[in-house]
Amino acid sequence: MRPGWDEYFMQIAHTVSTRATCPRASVGCVLMRAHRILTTGYNGAPRGVAHCTEVGCTLVGEHCLRATHAEANAVVQGALHGVSLHDATAYCTHQPCVNCSKLLISAGVTRIVYDQPYPDAVASALLAEAGVALVAFAALEGVRG
């Protein structure tokens, strides 16, 4: 059966996540508008910095500070290549953290569809205040578009 747009872009986000280089989590993000991919990102070290898979994670608490999050990398790709993310939808394998939520808000993203929950009350509050729709992919199953 032909997938709906949400399923299609979420499948792509999962494929993008296979490029992740931090073993703590394989996360992928696809930013799209009008059924076209604008940018993608996965969690991994910044350009020119050794990946976690090569030198290990730099952990503070339970967070790896060596890896840049997938959503942040997708926003950076837009900046590097001059791609506006205004009115874009983000498809994320995991619900964005507060820092990535702030980046997505500032970049002009208006909708975020995520697969795996990563509840963050502050992120959810900021997204709601900014008018960004936060949608669990599971809630969309069976919807074709």
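Up top you'll find the structure we're talking about.
This text gives an overview of the structure that appears in the document. Note that this is a predicted model, so its numbers are computed, not measured.

1. Regarding the overall build of the chain
Each helix and strand counted, the chain has five helices and seven strands in total. Ordered by position from the N terminus, the helices and strands of the chain form the series α-β-β-α-β-β-α-β-α-β-α-β. Here the C-alpha radius of gyration of the chain, 15 Å, is about what a compact globule of 145 residues would show, namely 15 Å. Each principal axis of the C-alpha atoms in the chain carries an extent, and together these give about 45 × 35 × 30 Å.

2. Quick look at the packing of helix H3 (residues 70-81) against helix H4 (residues 98-107)
Here H3 crosses H4 at 25 degrees, and the two axes come no closer than 9 Å. The angle between H3 and H4 falls in the class roughly parallel. H3 and H4 meet at a crossing whose hand is left-handed. Residue-level inspection shows Glu 71, Ala 72 and Val 75 of H3 in contact with H4, the latter providing Cys 100, Leu 103, Leu 104 and Ala 107. In terms of residue class, the contact of H3 with H4 is made up of six nonpolar, no polar and one charged.

3. Side note on the environment of Tyr 8
Counting through the fold element by element, Tyr 8 comes out in helix H1 (residues 5-17). Between the C-alpha atom of Tyr 8 and that of His 35, which follows or precedes it by 27 residues, the distance is 9.8 Å.

4. Brief notes about the pattern of salt bridges
With the rule as written, the count across this model stands at one salt bridge. For Asp 6, the salt bridge goes to Arg 111, with nearest N and O atoms at 3.2 Å. Here the residue Asp 6 occupies a position in helix H1, and Arg 111 occupies one in strand E6 (residues 111-116), the gap between them amounting to 105 residues. Classification of Arg 111 by relative accessible area gives partly exposed; the value is 22%.

5. Topic: H1
Between the first and last C-alpha of H1 there are 18 Å, a value that for 13 residues agrees with the 18 Å anticipated at 1.5 Å per step. Regarding H1, the residues found buried are Asp 6, Phe 9, Met 10, Ile 12, Ala 13, Val 16 and Ser 17. Along the axis of H1, the buried residues cluster in a sector spanning 155 degrees; they form a single face. Buried-residue contacts for H1 involve strand E1 (28-33), strand E2 (36-42), strand E5 (89-94) and E6.

6. Things to note about the nonpolar core
Counting 15 residues, the largest nonpolar core has Cys 29, Leu 31, Ala 90, Leu 104, Val 109 and Ile 112 as its most contacted members. Counting only elements with at least two residues in this core, the list comes to E1, H3 and E5. Here the element with the most residues in this core is H3; it accounts for three residues. Those residues within four positions of Leu 104 in sequence are excluded, and the remaining contacts are Leu 31, Glu 71, Val 75, Ala 90, Pro 96, Val 109 and Ile 112. Listed in part, the twelve residues of the second largest apolar core include Ile 12, Ala 13, Val 16 and Val 113.

7. So, the sheet that holds strand E7 (residues 133-136)
Taken together, the five strands give an open sheet; going across it, the order is E2-E1-E5-E6-E7, and neighbouring strands pair in mixed fashion. The open sheet has two edge strands with one neighbour each: E2 and E7. Across the sheet, the mean angle separating the axes of adjacent strands is 20 degrees when strand polarity is ignored. When E5 meets E6, the two strands line up parallel, connected through five bridges. Paired with Ala 90 across the bridge in E6 is Ile 112. Contacting E1, E2 and E5, H3 runs over the sheet at an angle of about 130 degrees to E2.

So, how was this worked out
- Residues numbered from 1 in each chain as written.
- Predicted model: local features only at pLDDT ≥ 70, side-chain atom pairs only at ≥ 80, totals over all residues.
- Heavy atoms only, no water.
- Helix = DSSP H or I, 4+ residues; strand = E, 2+ residues; numbered from the N terminus.
- Rg over C-alpha atoms; globule rule 2.2 N^0.38 Å.
- Axes fitted to C-alpha atoms, helices over the stretch in contact; angles between N-to-C directions.
- Parallel < 35°, antiparallel > 145°, perpendicular 65-115°, else oblique.
- Left-handed = near helix turned anticlockwise from the far one by under 90°.
- Contact = heavy atoms within 4.5 Å.
- Nonpolar A, V, L, I, M, F, W, Y, C, P; charged D, E, K, R; others polar.
- Salt bridge = Lys/Arg side-chain N within 4 Å of Asp/Glu carboxyl O.
- Buried < 20%, exposed > 50% of the residue type's maximum accessible area, 1.4 Å probe, protein only.
- Expected span 1.5 Å × (residues − 1).
- Arc of directions from axis to C-beta.
- Core = buried A, V, L, I, M, F, W, Y, C linked by side-chain atoms within 4.5 Å.
- Pairing = 2+ DSSP bridges.

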